[in-house]
Amino acid sequence: MKASFALSVAFTSVVSALWHTFGTKQCTNAYLTGGPESNDTYTLHVDCPSGRLNYTLTLDSCFANYDGNLTHVANGGFSSSCFNCSIPGTGSHLVCGCSPMNDPDSLKQNKYLLDDPYTLQFNPADEMVCDLNVDIKLFA
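Residues numbered from 1 in each chain as written. Predicted model: local features only at pLDDT ≥ 70, side-chain atom pairs only at ≥ 80, totals over all residues. Heavy atoms only, no water.

### Describing the environment of Ser-106
And then number 1: Structurally, the position occupied by Ser-106 is in the loop between β8 (93-98) and β9 (108-113).
And then number 2: Separated by 38 residues in sequence, Ser-106 and Gly-68 have C-alpha atoms that sit 9.1 Å apart.
And then number 3: In terms of polar contacts, Ser-106 uses its side chain to reach the side chain of Asp-103, at 3.0 Å. (Helix = DSSP H or I, 4+ residues; strand = E, 2+ residues; numbered from the N terminus. Polar contact = N/O pair within 3.5 Å; in protein donor to acceptor, adjacent residues only side chain to side chain.)

Listed below in C-alpha cells is the structure:
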C-alpha cells in the first residue's frame, strides 16, 4: 500500500511538472475565430507570457452540444450547432448559445470555465490541448 501511494504521488508530481493549465500559464488576449456564421469551426487563440504567443486550438476537439448543453468531451464538434460564441472579459469562460435537438430555432445560453484544470492544458511539447485526463490515459 505504501509503495503504491508513493508511486502515485511521484507520478502526480511528474505530471504536474510537465503539464500546465490555462491559468498557470497566465494566458491573456483570448479570442475566437470561426463558427457557423463563417461556415468554419471555432478556434481559440491565446497569448501566454510563460509560454509563447499565439497558441491556437480548434475547440471542436474539446466540446459537444448535447441537446443545448455545451459539454466538455473529446471530438464533440459543437461548432455547427452553437452560435455567437465568445470569450468575454478576462478570457476565462467560453460563452455560447446552443440549439437543443427538439427546438433548433431556440438557443440555450451556456458558460463554460476554460481555466478549469481538466478543460485546457499545455502538454510537455508546449501545445495547447484538451483534457489532461484523456492524454494521461494514452500514456498509462
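That covers the picture; the talk isn't over yet.
### Let's talk about the confidence of the model for the protein
In low-pLDDT segments, the atomic positions of the prediction should not be examined closely.
And then number 1: Averaged over all residues, the pLDDT of the protein equals 77, while 74% of them reach at least 70.
And then number 2: This stretch, residues 1-18, has a pLDDT under 50; its non-local contacts, to residues over four places away or in other chains, come to six contacts.
And then number 3: Low pLDDT, under 50, characterises residues 134-140; the stretch is placed with five contacts to residues that sit more than four places away or in other chains. (pLDDT = per-residue confidence, 0-100. Contact = heavy atoms within 4.5 Å.)

### Some details on the state of the cysteines
And then number 1: Following the criterion strictly, the structure yields three disulfides and no others.
And then number 2: Cys-62 shares a disulfide with Cys-130; S-S distance 1.6 Å. Around the S-S axis, the bridge from Cys-62 to Cys-130 shows a dihedral of about -60 degrees and counts as left-handed. Taken together, the residues Cys-62 in the loop between β4 (55-58) and β5 (63-66) and Cys-130 in strand β11 (residues 128-130) connect sequence positions 68 residues apart. (Disulfide = S-S within 2.5 Å.)

### Brief notes about unusual backbone geometry
And then number 1: Despite not being glycine, Asn-39 shows a phi value in the positive range, around 55 degrees.
And then number 2: Relative to the elements of secondary structure, Asn-39 occurs in the loop between β2 (28-35) and β3 (40-47).
And then number 3: Note on Asn-39: relative accessible area 75%, which makes it exposed.
And then number 4: Even without being a glycine, Asn-84 presents a positive backbone phi close to 55 degrees.
And then number 5: Mapped onto the elements, Asn-84 comes out in strand β7 (residues 82-86).
And then number 6: Using a relative accessible area of 57% as the deciding quantity, one classes Asn-84 as exposed. (Buried < 20%, exposed > 50% of the residue type's maximum accessible area, 1.4 Å probe, protein only.)

### Some words on the pairing of β8
And then number 1: Sheet topology places β7 next to β8; three bridges connect them, and they run antiparallel. Its bridge partner lying in β8, Cys-82 is registered against Cys-98.
And then number 2: Counting the residues that bridge the hairpin from β7 to β8 gives six residues, and of these Gly-89 lies at a positive phi of roughly 60 degrees.
And then number 3: Relative to β9, β8 runs antiparallel, the two being bridged by six bridges. (Pairing = 2+ DSSP bridges.)

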